[in-house]
Amino acid sequence: MDPNQPAQTTQVPPAQTPPPVPPPVNQTPPASHFPKIFLIAIVVFILVVLGAGAFVLQSRNNKQKLAQVTPSPTTVQTPTPTPDPTASWKIYTNLKYHYSFKYPPQFKLTEENKNNDIVQYFYKFSTGKLVYGMPDSSGFVISIFPTLGKTIEQEFSNKSSAMGVVGVTPIERRGADEAAHVTNIQALVVFRSENNFFEISGFQNSNTLPDKSDDVDIYFDQILSTFKFTDQNTNVTNISEPQNGTMVTVQKGAAVTVTLHSTYWEFQPISDATVLKPNGNSVTEPDMTVKIPGTGAGTITQSFTALSTGTATFSATRTTCGEALQCAADQKLFKVTIVVN
């Protein structure tokens, strides 16, 4: 190229401004609600767990405080009552001197009364067995004599015997004014009642039972434990089933009332109406609260008056003991002997 030739100017076309680009539109999708619900559920669960834990902890604290304040209850053992071995025994009653005692039903009681300077009642018990050809029997005697204003201590403490000085130990009075166990003399027990001393001492006939199961000596302490004084202000003797087969002593002029608990009983004629007089006919009172017919529920009552001294026996019989129920052999007869002094 010729250096002297002027340079040619190159025309550069003007730059073109690019068209404006619109701002990008935010294409972010809307946020999901699931994470929020999940979070709320977690928070609620945590709160429930914390609340339950706080409740359990508070309950334990309250129980511990209550255990510290409230003493544990003491268990009281109720003793089992001991059955009375004499509940079914027969009863002897002496209304003249107002005392009674029980004795086993297998024994036969025989009473002997001696009125000398000292009144004595001999009570002999027998099983009906023969020992060496003789009936067995043993029992006790009650000696009755006036106190003359003395106590048991004053009457017996100054006495002596071959066994030494007499000892007096107070015991249960059993309806008497005073009672004591007296040692070193023949008397076993002494009672003071109605201005009289009652000195009880045992005796034994020469016979001894080989079979000791029925020996009176085995039962003697139990018989003696049932001895007691009865109401001194009554002249009425009430007799019922427990006295069946027994002997009852009453005073002249006393009233005797017999009540049996079944309307099937029938009283039989008295053995000696000059000693014990029936007061009219017997009275039957059915138990109207029992609706079943034929049971014999109710009572039959017969009253007597002791007219004179002596012995009389009354009885009642029956064959039916309930609805179409025949009586057993030992249920057919009721019998009591009355001794009038």
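From a predicted model like this one, the values you see are computed outputs, not experimental measurements.

### Description of the nonpolar core
The nonpolar side chains of a soluble globular protein tend to be buried, and buried together.
At step 1: With 27 residues, the main nonpolar core has Tyr99, Phe101, Tyr123, Phe125, Phe140, Ile142 and Phe191 as its most contacted residues.
At step 2: Within the residue set of this core, elements represented by two or more residues are β2 (99-103), β4 (119-126), β7 (138-146), β12 (189-193), β13 (196-204) and α3 (216-225).
At step 3: If you look at the next biggest cluster of nonpolar residues, it comprises 23 residues, including Ala254, Val256, Ile300 and Phe334.

### Details of the pattern of salt bridges
At step 1: By the definition in use, this model includes 3 salt bridges.
At step 2: Residue Glu112 is joined to Lys124 by a salt bridge in which the shortest nitrogen-to-oxygen separation is 3.4 Å. In this pair, Glu112 is assigned in strand β3 (residues 108-115) and Lys124 in strand β4, connecting sequence segments 12 residues apart.
At step 3: We classify Glu112 as partly exposed; its relative accessible area is 30%.
At step 4: Its salt-bridge partner being Glu155, residue Lys150 comes within 3.8 Å of it at the nearest N-O pair.
At step 5: Using a relative accessible area of 37% as the deciding quantity, one classes Lys150 as partly exposed.

### Remarks on a nonpolar patch on the surface
At step 1: On the surface, Phe38, Leu39, Ile42, Val43, Phe45, Ile46, Leu47, Val49 and Leu50 cluster together into a nonpolar patch covering about 870 Å² of accessible area.
At step 2: Tracing the backbone shows Leu47 in helix α1 (residues 34-69).
At step 3: Since its relative accessible area comes to 55%, Leu47 is described here as exposed.

### Quick notes on the state of the cysteines
At step 1: If you walk through the whole model with that rule in mind, you get 1 disulfide.
At step 2: Note that Cys321 is cross-linked by a disulfide to Cys327, the S-S spacing being 1.9 Å. Linking Cys321 and Cys327, the disulfide has an S-S dihedral of approximately 110 degrees and is accordingly described as right-handed.
At step 3: On the basis of relative accessible area, Cys327 is assigned to the buried category, the value being 8%.

### Describing the side chain of Thr237
At step 1: The residue Thr237 is located in strand β15 (residues 236-239) in this model.
At step 2: For Thr237, a relative accessible area of 4% puts it in the buried group.
At step 3: Excluding residues within four positions of it along the chain, Thr237 makes contact with Leu95, Val248, Val250, Ala255, Val256 and Thr257.

### Remarks on the pairing of β2
At step 1: Within β2, 4 of the 5 residues are buried, leaving the element largely enclosed by the surrounding structure.
At step 2: Note: strand β1 (residues 90-94) against β2, 5 bridges, orientation antiparallel. When the sheet's bridge partners are listed, Asn94 is paired in β2 with Tyr99.
At step 3: The antiparallel pairing of β1 with β2 creates a hairpin that spans 4 residues between the two strands, and His98 there sits at a positive phi of about 60 degrees.

So, how was this worked out
- Residues numbered from 1 in each chain as written.
- Predicted model: local features only at pLDDT ≥ 70, side-chain atom pairs only at ≥ 80, totals over all residues.
- Heavy atoms only, no water.
- Core = buried A, V, L, I, M, F, W, Y, C linked by side-chain atoms within 4.5 Å.
- Buried < 20%, exposed > 50% of the residue type's maximum accessible area, 1.4 Å probe, protein only.
- Helix = DSSP H or I, 4+ residues; strand = E, 2+ residues; numbered from the N terminus.
- Salt bridge = Lys/Arg side-chain N within 4 Å of Asp/Glu carboxyl O.
- Patch = residues over 30% accessible without salt bridge, like charges linked within 9 Å, V, L, I, M, F, W, Y side chains within 5 Å.
- Areas by Shrake-Rupley, 256 points an atom, 1.4 Å probe, with all protein chains shown as cover.
- Disulfide = S-S within 2.5 Å.
- Contact = heavy atoms within 4.5 Å.
- Pairing = 2+ DSSP bridges.

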